[in-house]
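What the coordinates show
What follows is the residue order along each chain.
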Amino acid sequence: MSGFSNFAVSFTIISILSGCLTLYQFGMNTGGPVMIVWGWPIVGAFTLMVGLAMAEVCSSFPTAGGLYYWSAKLAPRNAAAWSWFTGWFNFLGQVAVTAGIDFGAAFFLNALLDLQFGFDFTPPHTILLFGIILLLHALLNTFGVKLVSLLNDISVWWHVIGVLVIVGALVFLPDNHQSASFVFGEFVNNTGWSSGFYVALLGLLLAQYTLTGYDASAHMTEETHDAARSGPRGIVMSILVSLAAGWVLLIGLTFAIQDYDKEVASPTPPAQIFIDAIGLTGGKLLLLIVIGAQFFCGMSSVTANSRMIYAFSRDGALPAASFWHRVNKRTRTPTNAIWLAAAGAFILGLPYLWNYTAYAAVTSIAVIGLYIAYVLPTFLRLRQGEAFERGPWHLGRWSRIVGTIAVGWVVVITILFMLPQLSPVTVKTFNYAPIAVLVVLGFAGIWWLVSARKWFTGPKVQGSAEELAAIERDLDVI
């Protein structure tokens, strides 16, 4: 992969046309326009701190293991334990973000099929489409990294041009727009909670969920030229470009709202806003742009997820590890890991059949799992101080302050997104994110105490040129 392709993977997984739009209804109910518009730059600034801190560590250790490998190298003691739990949080977050992305794609595809063919918008239909999309992504990834790399490069331009087309249509075609005071100042609380401050904090999930997945640049470093520089640049640039384009998208969409109460009640408010603003035909065309972007995003997420699974299992940290870390002799890709990533995401999305808040819960799980994994190496890097060996890309004297802000922010959002999102709390409105996190953490913890601490010593390999050459020689023997 080139440096641009490495950036493209992270930019595609962040996918403002996926995260921003699939959680737009959540934002409309949880804080409304003021939190949708202003929550984005606030969260973006803190996310950039996390990304900068990650990028510095990535430059020192450019390997497919990424976060869990970094923890092993940076821990002053108990390196294996730090590595183990970082890897499991990353695994949870990667599977959840894949589920969230493709679930959002299924939502929007169901809306389009309902408009075009009368394919009713129901949970069973959405889950069916969710499974088909995951199946397609697994098949695409199975054909090899060159095809995925090409599609990722296309995806960057699809996203950039797509945002320009959508915002342009919403700016110039509607007869009416909302006022600036509404877009930048209207607060809406449809959660049932009485505290506006609490609701405003919950509303940050829209931006924080969207701005995830940029660790993909780290996971793809073993397949990237000049990885010690290209990986960090991919992380930081994917955040910066997404910040700028995402804010333009959210502001343009919010200005185009025609009937707030009608559109927030729609299963997919952005689709309804498109239709109300520019008509049915134009709305369908904009929906196609969004669905295409979400499809690219999910494909890249499966790619990054499978590389993390491959790296983690080659060190024995997953059950049946020898099976998951096999490399397909024909495609040179970790095919088994690809299918595990897809299957895990599908299982995580199934509760939507009986819990309508399941999508928001999946996005919370993704944020919690990924950001804990993101920040553990940063925390360990801070403890090293000047003993940390910098790579060619580093923050210099800003390392400590950037890292401290990053750790503090992750502590806040980890607590925040485990809290109930709707009141009263019932079986239908329960946020099952804490349960999913505790199940994975409990499984990993018990396995560690009972068995893994006796044999897991952390990453055994780091994707060196010699190791990759050995893998190639082995694959050549068919």
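Everything here concerns the structure above.
Right, let's walk through the structure included here. Within each chain, residue numbers correspond to sequence positions counted from 1 in written order. Note on the predicted model: pLDDT of at least 70 is required for a residue's local features to be given, and 80 or more for side-chain atom pairs to be given and counted; whole-chain, interface and lining totals, by contrast, use all residues. Only heavy atoms go into the side-chain values, all of them from the structure, while hydrogens and water stay out.

Focus: the overall build of the chain
Worth spelling out the cut-off: Numbering goes from the N terminus for both helices and strands, where a helix is a DSSP run of H or I of at least four residues and a strand is a run of E of at least two. The globule rule is 2.2 Å times the number of residues to the power 0.38, and the radius of gyration it is compared with is taken over C-alpha atoms. Buried, partly exposed and exposed residues are distinguished by accessible area as a fraction of the type maximum, computed with a 1.4 Å probe on protein chains only: under 20%, between the cut-offs, and over 50%, respectively. Residues are treated as being in contact if the distance between any of their heavy atoms lies within 4.5 Å. In this description, accessible areas are obtained by the Shrake-Rupley approach with a 1.4 Å probe, and a residue is regarded as covered only by the protein chains that are shown. For this count, His and the chain ends are skipped, Lys and Arg are scored as positive, and Asp and Glu as negative. Throughout, a charge is located at the NZ atom of Lys, the CZ atom of Arg, the CG atom of Asp or the CD atom of Glu.
A tally of regular secondary structure across the chain gives 22 helices and two strands. Its C-alpha atoms give the chain a radius of gyration of 21 Å, near enough to 23 Å, the size a compact globule of 478 residues would have. With respect to the three principal axes, the spread of C-alpha positions in the chain is 65 × 50 × 40 Å. Here the chain, with 478 residues, has 62% of them falling under the buried criterion. Summarising the internal contacts of the chain: among those between residues at least 6 apart in sequence, 83% fall at separations of at least 24. A total of about 17,800 Å² of accessible surface is found on the chain, and carbon and sulfur atoms cover 69% of it. One finds the centroid of the 23 positive side-chain charges in the chain at a distance of 13 Å from the centroid of its 23 negative side-chain charges.

Section: the pattern of salt bridges
How we decide: We count a salt bridge whenever a side-chain nitrogen from Lys or Arg sits within 4 Å of a carboxyl oxygen from Asp or Glu.
Counted by the stated rule, this structure contains three salt bridges. The partner of R381 in a salt bridge is E56, and the shortest N-O contact between them spans 3.1 Å. Taken together, the positions of R381 in helix α19 (residues 358–384) and E56 in helix α4 (residues 33–60) put the pair 325 residues apart, joining distant regions of the chain. E56 is the partner of R390 in a salt bridge, and the nearest nitrogen-oxygen pair spans 3.5 Å. Here R390, found in the loop between α19 and α20 (399–416), pairs with E56, found in helix α4; they are 334 residues apart in sequence, far enough to count as distant.

A few points about α4
For the record, the criterion: In a helix, the anticipated span is given by 1.5 Å times the number of residues less one. The angle separating two fitted axes, one through the seven residues that finish at a residue and one through the seven that start at it, defines the bend at that residue.
Relative to the 40 Å expected for 28 residues at 1.5 Å per residue, α4 spans 41 Å between its end C-alpha atoms, a close match to the ideal helical length. Most pronounced at G39, the bend in α4 amounts to some 35°, and the proline P41 follows within four residues. Within α4, 23 of the 28 residues are buried, leaving the element largely enclosed by the surrounding structure.

Topic: the side chain of T142
Put simply, the rule reads: Polar contacts here mean pairs of N or O atoms no more than 3.5 Å apart (in protein, one a potential hydrogen donor and the other a potential acceptor; neighbouring residues in sequence count only if both atoms are side-chain atoms).
Among the secondary structure elements, T142 is positioned in helix α7 (residues 123–142). Its relative accessible area of 13% is what places T142 among the buried residues. Side-chain polar atoms of T142 contact the side chain of W339, separated by 3.4 Å. Those residues in contact with T142 that lie beyond four places of it in its chain are T331, T333, T335, I338 and W339.

Comments concerning the packing of aromatic side chains
What counts, and what does not: The pairing test for Phe, Tyr and Trp rings, Trp by its six-membered ring, is centres within 6.5 Å, and the orientation test on the planes gives stacked under 30 degrees, edge-to-face over 60, and tilted for anything in between.
Summed over all chains, the structure comprises 34 aromatic pairs. For the pair W84 and W447, a centre-to-centre distance of 5.0 Å together with 75° between the ring planes defines the contact as edge-to-face. With a gap of 363 residues between them, W84 in helix α6 (residues 79–117) and W447 in helix α21 (residues 433–455) connect regions that are remote in the sequence. Accessibility expressed as a relative area gives 0% for W84, which makes it buried. Seen from their ring centres, W88 and F443 are 5.5 Å apart, and the 70° between their planes marks the pair as edge-to-face. Here F443 lies in helix α21 and W88 lies in helix α6, a separation of 355 residues in the sequence.

What about the packing of α4 against α19?
Going by this rule: In this analysis an axis means a line fitted to C-alpha atoms, helices contributing only their contacting stretch, and an angle means the value between N-to-C directions, from 0 to 180 degrees. Should an angle fall under 35 degrees it is called roughly parallel, over 145 degrees roughly antiparallel, and 65 to 115 degrees roughly perpendicular, with every other angle called oblique. In this scheme the handedness of a crossing depends on how the near helix is turned from the far one: anticlockwise by less than a right angle means left-handed, clockwise means right-handed. Polar here means any residue outside two lists: the nonpolar Ala, Val, Leu, Ile, Met, Phe, Trp, Tyr, Cys and Pro, and the charged Asp, Glu, Lys and Arg; Gly therefore counts as polar.
Remark: α4 packs on α19, axes separated minimally by 9 Å, with the N-to-C direction vectors making an angle of 60°. Between α4 and α19, the angle is such that the two are oblique. Read as a crossing pair, α4 and α19 show a hand that is left-handed. Contacts between α4 and α19 involve T47, V50, A53, M54, E56 and V57 from the former and Y371, Y374, T378 and R381 from the latter. Grouping the constituent residues of the contact of α4 with α19 by class yields six nonpolar, two polar and two charged.

A look at helix α16 (residues 280–313)
Given a rise of 1.5 Å per residue, 34 residues ought to cover 50 Å, and the 48 Å separating the end C-alpha atoms of α16 matches this to within 8%. For α16, a buried count of 29 out of 34 residues is recorded, marking the element as mostly surrounded by other parts of the structure.

Examining the packing of α6 against α7
Relative to each other, α6 and α7 sit at 120°, their axes nearing to 8 Å. On the basis of the axis angle, α6 is oblique to α7. Here the hand of the crossing between α6 and α7 comes out right-handed. For the pair α6 and α7, the contacting residues are T98, A99, D102, F103, A105, A106, F107, L109, N110 and L113 in the first and H125, T126, I127, L129, F130, I133, L134 and H137 in the second. For the contact of α6 with α7, a count of residues per class yields twelve nonpolar, five polar and one charged.

Concerning the side chain of K284
For K284, the position within the fold is in helix α16. Excluding its chain neighbours within four sequence positions, the residues that come into contact with K284 are L112, L115 and Q116.

Description of the environment of A81
Tracing the sequence through the fold places A81 in helix α6. The class of A81 is buried, set by a relative accessible area of 18%. Sequence spacing of A81 and F456 is 375 residues, and the spatial spacing of their C-alpha atoms is 8.4 Å.

Comments concerning the environment of W398
Within the secondary structure, W398 is located in the loop between α19 and α20. Judged by relative accessible area, which is 48%, W398 ranks as partly exposed. Separated by 337 residues in sequence, W398 and F61 place their C-alpha atoms 19 Å apart.

With respect to the environment of L348
Tracing the backbone shows L348 in helix α18 (residues 335–349). When its relative accessible area of 15% is taken as the criterion, L348 is described as buried. In contact with L348, other than residues within four places in its own chain, are V95, A96, A99, V362, I365 and Y432.

Taken by themselves, the reported measurements are silent on function.
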